Structure formats: structure tokens, C-alpha cells
Amino acid sequence: MIKTSTIINTLTSTCIVFVLMAVAANAQDADKPVRVIGNPGFIHLQNDNGVWWLADHTGKRFITTGMNHVGEGGVLFNEVNKGWLTERFGADIKGSWGGLNPRAKNHAGYADMVVKDFKDYAFNTIPFHAYSTPLDFYEKRKIYYVAKIKVQSISLVGMNRRRGDRFPDVFSTSFRDKLNALAKKTCTPLRDAKYCLGYAYFDMPDLKRVRRWHRPMFPDGGLVYPWVQDTRALPADAAGKQEWMRILKRNHASATEAAQVYAIDGITSWDDVAKVTDWPIQPKKLAQVQTDADDMLTALAEKWYGLHAELIRKYDPNHLLLGDKHDVGYDKSVDMIPDGVLDAIGKHCDVMMIQYYTFYTDQHNATLRKLHGQTGLPIINGDHSYSFKTSKHTKIKGLEVDSFDAVASEYRRYLKGSMEDHPYMLGWWYCGYIEQWAPAGTKQLGQQCGFFSPFGEPNEKLLSLVKEANENASIWHGGASLNKPLPMVAPSELDTPAKTSEPTTPAEMFAALKLTAEQQSQLDELEKERQAAEAKFRNLNGEAQSDARNKFYGERKKKLKKILTEEQWGIWSSFWSRQ
């Protein structure tokens, strides 16, 4: 029998060996050289022992913080704050189109105001949503900023499909020439800019499933990705159509087999398939149709991001590629990007830029880990906010909480958590800078939230706490992989998550409505009408289906507003707009 003392001595020796090995491994990690991505003479990336950083031309590491919607016309010039900017900076600061005039005589004065507001509260970056101010104004004022390359929209938001707007054929020579000309015009003047963070492309690109509210745009209700739909509808000799045909030939044994999958009659050859521009909306084999669509979307993303990288770096090899700002979810919904698209982003971009409006939850953390794990890139949350609805708002953007203290709490909690828990997070741009008061704003989103009043006055109490969080961001991030106590951060009630006042599930939404028995009965009748109408819509095609749906849901909205009180309608419309 082996003595107990022998076992203990053996285990003790083994533990000492493992401890020494761990110490040696940590010492080796500490000696690892910092990995640099980009040109160190400009803003670049550093990966130091697994922790990602932005670093500028002086070598200073930083976490990017900013406020969005700088210079947006509807925020600066509306019925509430009419005249405040023109009185301060001259009548020509407002352009004839209603937006900020980049050629105004005192536009530099406006830029001074913006930069001071940012720097006073430790915001270091003019972010993605900034408009009209010439970028050299920011360069001279030594504040980081984002440049934009917007060649052609790939977002259904603002795309007028009835007027003929479509996604681009990125495989065509004409598209390449168009992007090349824009890259030359945009990037050449910025090639030597020291404070330019990099190049961003589009906001909320539709490189994913069709959002619920966009489905009526499409005869098939959004069964196939919209960009794929537009590409396969091109004429036979179009470059994009040829790429579609290459995928079909790879995935199907013959033209007749492909025709059977898509329920296309009269097909005897691949040339016949290439001539099809109006694809049936009820294919026979949905799984195979989805495989083809996934492969085509991957090819589109590969070309889109690859061509941007090639042509931007042709004229400016010095700055980072931030790519598109991808919407990945709101509140408890996750709108995930397909794997093929994420692979293309990881291959051709330096940073992944997202828009993710949720509280700092396990779901949020899991989504960040998925995005980083798939792309291998550091991440900027480029659009996200918390807001408090006051008597000056009818509805307000952002995740609603019950006080300004709660806004500060959630701001600190998100910035601290994302910096400590995710070594690949590079920062957060809050939405937004200057807020709106009713009746300004939009019917869908309500009023823009912000840290400054419509007249440019800072919310001092809120901003003092936000400033403290901004100043601590780099300190929090420095401990992301070390798991050590961090300086300057005392335990605070600000770390307690605020409660959202908005329902997050249909059950919560209906409970919040507090319907009377009569209202419930009326809604039940409306639901029967909806189900019957949807059955009829399936027998229609193309614009006839879209027109019928739009007409039905327009009338349904009127009926709902008659049944519900104004408060109930606000709860109903707000909930469904987020789904």
C-alpha cells in the first residue's frame, strides 16, 4: 500500500511544477512583442498580449468615445430651436436645403463649438454619424474623426424600390470605375491625415435577412436576401448574373434540376436559366434555394469588401478600414449576420463596426463573442444609447430608462463592462450629441436623445458622470486580460443595472396595454381579418401583392388607433417597431 504522505508529497511536487510552468508561460507572454496592424505613423491597431487598442501617430493608446449625429439638419434646425445657430454663427450656417452648410463663412466657429463640447467631457472622436463639416476642420483641431466612402446604398432604408432603386452589381466594370473615382477623390486628401481613424462605408447594410417591416417590398415576402434577388434579376450578360450562374452550375447537376428546384417551366439549358429575370416566389425546394442564396450573398460580400479594400488602399495605404456599420439587434432581439458575410468582413476589414442597442446582458456578451470569434477583428459599437423620456418628448430614441441618473448608470455600466470583459472592444459611440424636443423628431423614432439640449446647453449632472466613465475607459480596458483590481474605480450604485420601462416580449406588451374586454374582442376580430388577408396575399405576385398588403395594413393601422387609447397605441407601435 502506498503511504498517504507519499501521495501528498507527489501531489505537492506536481502542483509546484504546474505553478512554475504557469509563471514561466506568463513571463513569456509578457515578453511577446506588441502586434501592430496598420501604419504606426498614423492611427493604427495594437494587440498587446491579447488586448486590442487603437493607437495614434504618437504611440498613445486610446479607446474611442464619441457622440453621434453631429451636424444633422433635423437636430440643429427645427421648430423648437429655430434660429439658435444662425444667431450664433450667421444666417448662412443653415443651407437652403435645411442642413448644415459646409461653406458657411463661420463654419469654423461651429466646429470649435463641437470640438470643445466633445473634449470638455472626454469624448475623443467625431464618429460615423457626422455630417457636412469639412474633415480638415477636425484635423486642425486635433480630434479623432471618421471618414466615409459611400459609393451606392446597400441598405433598404431610404431605398425607393418603386422608383427603381436596386442593389449594385458589384461585379460590373461600371461599379468598379465608380468606386475607384470616389476612392481617389475621398482618400487622396486624407492620405497624410494624422487624426483620421479610418474609412467607414454604409449604415445598416442589408447583408442579412429582410427585416419584418421591409418584407412587403418583395413579392416573396423576403424569402431570399434582397441583394441576391436583385442580382439574379439582372440580364443574362450582366457580370453579377454570370456570378449567379456560376453558383447555380456548381450547386446543381443540370439546368433542368435547377429549374425544378425553383419551379421554372420551359428550361432546357443553362442559357435558358440565365435569361430568367422574374424568379418564381414559391420554389419547390426551399433548403436548396437558401443554400444558393447563402453562397451568392457570400460572393457579394467578398466582392464588396474586397473591392473597397483594394481601391481605398490604392490611394491611401495609411488608414484603417472600418467597413459598414452593421445592425445586429435591438433590445432582446438578435439580428445576426450570416457566416459568409462575417468571413468577408474579417478578411478585408481591420475593425468590425456594429450598431447594437441592448442592455449589458449575457445575450449582448454572447453576440460580441460570436462576432469577434467569427471575424477575428476588434469591435466598435458605433451606435447605441440609453434615454430618459421627459415631458419634452413624445417618444425618444434609445433604450428607455426611468431617470437621467439611470442613463448615467447604464452608460458607465456598458462602457466599464465592455472594456473589462472584452479585450477586443475598442470603444462606443453614443447616439447622440444634441437632443430634440417635441414636436421635432420623426413619427417612427420620436425625438433624438443626446447629452446637450436643442440649444446646445450641456446636461451637467449627467455629463459629469459620463465624463468620469470616458476617462476611465482605457484603465478598465488595460485590465481586460489581467483580471486585476483597477485604479480610480470605486464600487458604486451606478453599476446596478437600470430597469427598462419598455416591454420586451409580446406577452409583456399585451400586459402593459391593460386591455378592456371589449378592446380584446375587437383585437381578436382584427387578428382573424389579418390571417384571412395573408391567405389571399399568397395567391398574388409582384406589385399586386405588395399593393394589397400595403393597403390592408394601412387600413388595419387606422382600426387599431380607433380601438386603442393614445397611450396604448404608443406602447403597441413602439414594441412592434423594434421587432
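What you see is a predicted model; the values in this text were computed from it and never measured.

*Asks:* I'd like a description of the overall build of the protein, backed by residues and values.
*Replies:* From N to C terminus, the protein includes 19 helices and 15 strands. Going through the 579 residues of the protein one by one, you find that 51% of them count as buried. Expressed as a percentage of contacts within the protein between residues at least 6 apart in sequence, the contacts between residues at least 24 apart total 69%.

*Asks:* Tell me about the pattern of salt bridges, and name the residues and values.
*Replies:* Two side chains carrying opposite charge are able to pair once their charged atoms lie near each other. Per the stated rule, a full pass over the model turns up 23 salt bridges. For Glu310, the salt bridge goes to Arg176, with nearest N and O atoms at 2.4 Å. With Glu310 in helix H11 (residues 286–315) and Arg176 in helix H6 (residues 173–187), this residue pair connects regions lying 134 residues apart in the sequence. On the basis of relative accessibility, which here comes to 40%, the residue Glu310 falls in the partly exposed class. Close ionic contact of Lys558 with Glu555 constitutes a salt bridge, the shortest N to O distance being 3.6 Å. Of this pair, Lys558 and Glu555 both sit in helix H18 (residues 542–563), three residues apart, roughly one helical turn. We classify Glu555 as partly exposed; its relative accessible area is 39%. Put simply, Arg161, Arg166 and Asp230 are held in one network by salt bridges that share partners.

*Asks:* Any details on helix H13 (residues 362–375)? Residues and values, ideally.
*Replies:* The terminal C-alpha atoms of H13, which comprises 14 residues, lie 20 Å apart, in line with the 20 Å expected from a rise of 1.5 Å per residue. Those residues of H13 lying buried are His364, Asn365, Thr367, Leu368, Leu371, His372 and Thr375. The arc that holds the buried residues of H13, viewed along the axis, is 160°, so those residues lie on one side. Exposed side of H13, more than 90 degrees from the buried face: Asp362 and Gly373 are the residues found there. Positive backbone phi, at 75°, marks Gly376, one or two positions downstream of H13.

*Asks:* Any details on the environment of Pro102? Residues and values, ideally.
*Replies:* Note that Pro102 resides in the loop between helix H3 (84–89) and helix H4 (107–120). With relative accessibility at 27%, the residue Pro102 sits in the partly exposed group. When sequence neighbours within four positions are dropped, the list of residues in contact with Pro102 reads Trp97, His107, Ser132 and Pro134.

*Asks:* So what's going on with the sheet that holds strand E1 (residues 35–37)? Which residues, and what values?
*Replies:* The sheet built from four strands is open, its strands ordered E1-E2-E3-E4 with antiparallel pairing. Among the strands making up the open sheet, the edge pair consists of E1 and strand E4 (61–62). Sitting on the sheet, helix H15 (residues 460–478) touches strand E3 (51–55) and E4, and the angle it makes with E3 is about 145°.

*Asks:* Go over the packing of aromatic side chains with me, naming the residues and quoting the values.
*Replies:* The relation between two aromatic rings is expressed through the spacing of the ring centres and the mutual angle of the planes. Summed over the entire model, instances satisfying the criterion amount to 28 aromatic pairs. Look at Tyr121 and Phe452: their rings are 6.0 Å apart centre to centre, the planes differ by 75°, and that puts the pair in the edge-to-face class. Placement of the pair is Tyr121 in the loop between H4 and strand E6 (125–126) and Phe452 in the loop between strand E15 (425–430) and H15, with a sequence separation of 331 residues. With a relative accessible area of 1%, Phe452 lands in the buried category. Ring centres 5.2 Å apart and planes at 75° place the aromatic pair Tyr262 and Trp279 in the edge-to-face group. On the criterion of sequence distance, the pair formed by Tyr262 in helix H9 (residues 255–262) and Trp279 in the loop between helix H10 (270–274) and H11 is long-range, its members being 17 residues apart. For the pair Tyr262 and Trp279, one class covers both residues: buried. Note that Lys148 overlies the ring of Tyr131, its terminal NZ or CZ placed 4.9 Å from the centroid.

*Asks:* Requested: an account of the side chain of Thr133, with residues and values cited.
*Replies:* With respect to the element layout, Thr133 can be found in the loop between E6 and helix H5 (135–140). Residue contacts for Thr133: discarding those within four places in its chain leaves Leu100, His107, Tyr110, Ala111 and Tyr138.

*Asks:* Provide a residue-level description of the environment of Gly71, including the pertinent values.
*Replies:* When you line up the elements, Gly71 lands in the loop between strand E5 (64–67) and helix H2 (73–76). Taking the C-alpha atoms as reference points, Gly71 and Ala111, separated by 40 residues in sequence, lie 9.6 Å from one another. Setting aside chain neighbours within four positions, we find Gly71 in contact with Leu76, Leu100, Tyr110 and Tyr131.

*Asks:* A description of the pairing of strand E8 (residues 196–203) should follow, citing residues and the corresponding values.
*Replies:* Along E8, seven of the eight residues are buried, which leaves the element largely enclosed by surrounding structure. As judged from the four bridges shared by strand E7 (residues 144–148) and E8, these two strands associate in the parallel manner. Residue Lys148 lies in a different strand from E8, and its bridge partner there is Ala200. Remark: the E7/H6/E8 crossover connection has right-handed handedness. Bridging between E8 and strand E9 (residues 320–330) involves four bridges; their strand directions are parallel. Bridged to Asp203 within E9 is Lys325.

*Asks:* Please provide a residue-by-residue account of the environment of Asp350, values included.
*Replies:* Looking at the secondary structure, you find Asp350 in the loop between helix H12 (339–348) and strand E11 (352–357). It is 5.2 Å that separates the C-alpha atoms of Asp350 and Leu321, two residues lying 29 residues apart in sequence. Here Arg313 takes part through its side chain, which lies 2.7 Å from a polar atom of the side chain of Asp350. A polar atom in the side chain of Asp350 sits 2.8 Å from the backbone nitrogen of Leu321.

*Asks:* Got a sec to walk through the pairing of strand E12 (residues 379–384)? Specific residues and values, please.
*Replies:* Among the six residues that make up E12, six are buried, leaving the element largely enclosed by the rest of the structure. Summarising the sheet, E11 and E12 pair through three bridges and their orientation is parallel. Bridge pairing in E12 places Met352 opposite Ile379. In terms of handedness, the path from E11 via H13 over to E12 forms a crossover that is right-handed.

*Asks:* Describe the confidence of the model for the protein, and please don't skip the residues or the numbers.
*Replies:* If pLDDT is low for a region, its predicted coordinates should not be looked at in detail. Per-residue pLDDT for the protein averages 86, and the proportion of residues at 70 or more is 85%. The model gives residues 1–28 a pLDDT under 50, and that stretch makes one contact with residues more than four places away or in other chains.

Rules used in this analysis
Residues numbered from 1 in each chain as written. Predicted model: local features only at pLDDT ≥ 70, side-chain atom pairs only at ≥ 80, totals over all residues. Heavy atoms only, no water. Helix = DSSP H or I, 4+ residues; strand = E, 2+ residues; numbered from the N terminus. Buried < 20%, exposed > 50% of the residue type's maximum accessible area, 1.4 Å probe, protein only. Contact = heavy atoms within 4.5 Å. Salt bridge = Lys/Arg side-chain N within 4 Å of Asp/Glu carboxyl O. Expected span 1.5 Å × (residues − 1). Arc of directions from axis to C-beta. Pairing = 2+ DSSP bridges. Axes fitted to C-alpha atoms, helices over the stretch in contact; angles between N-to-C directions. Phe/Tyr/Trp six-rings, centres within 6.5 Å; stacked < 30°, edge-to-face > 60°. Lys NZ or Arg CZ within 6 Å of the ring centre and 35° of its normal. Right-handed = clockwise from strand over helix to strand, strands pointing away. Polar contact = N/O pair within 3.5 Å; in protein donor to acceptor, adjacent residues only side chain to side chain. pLDDT = per-residue confidence, 0-100.

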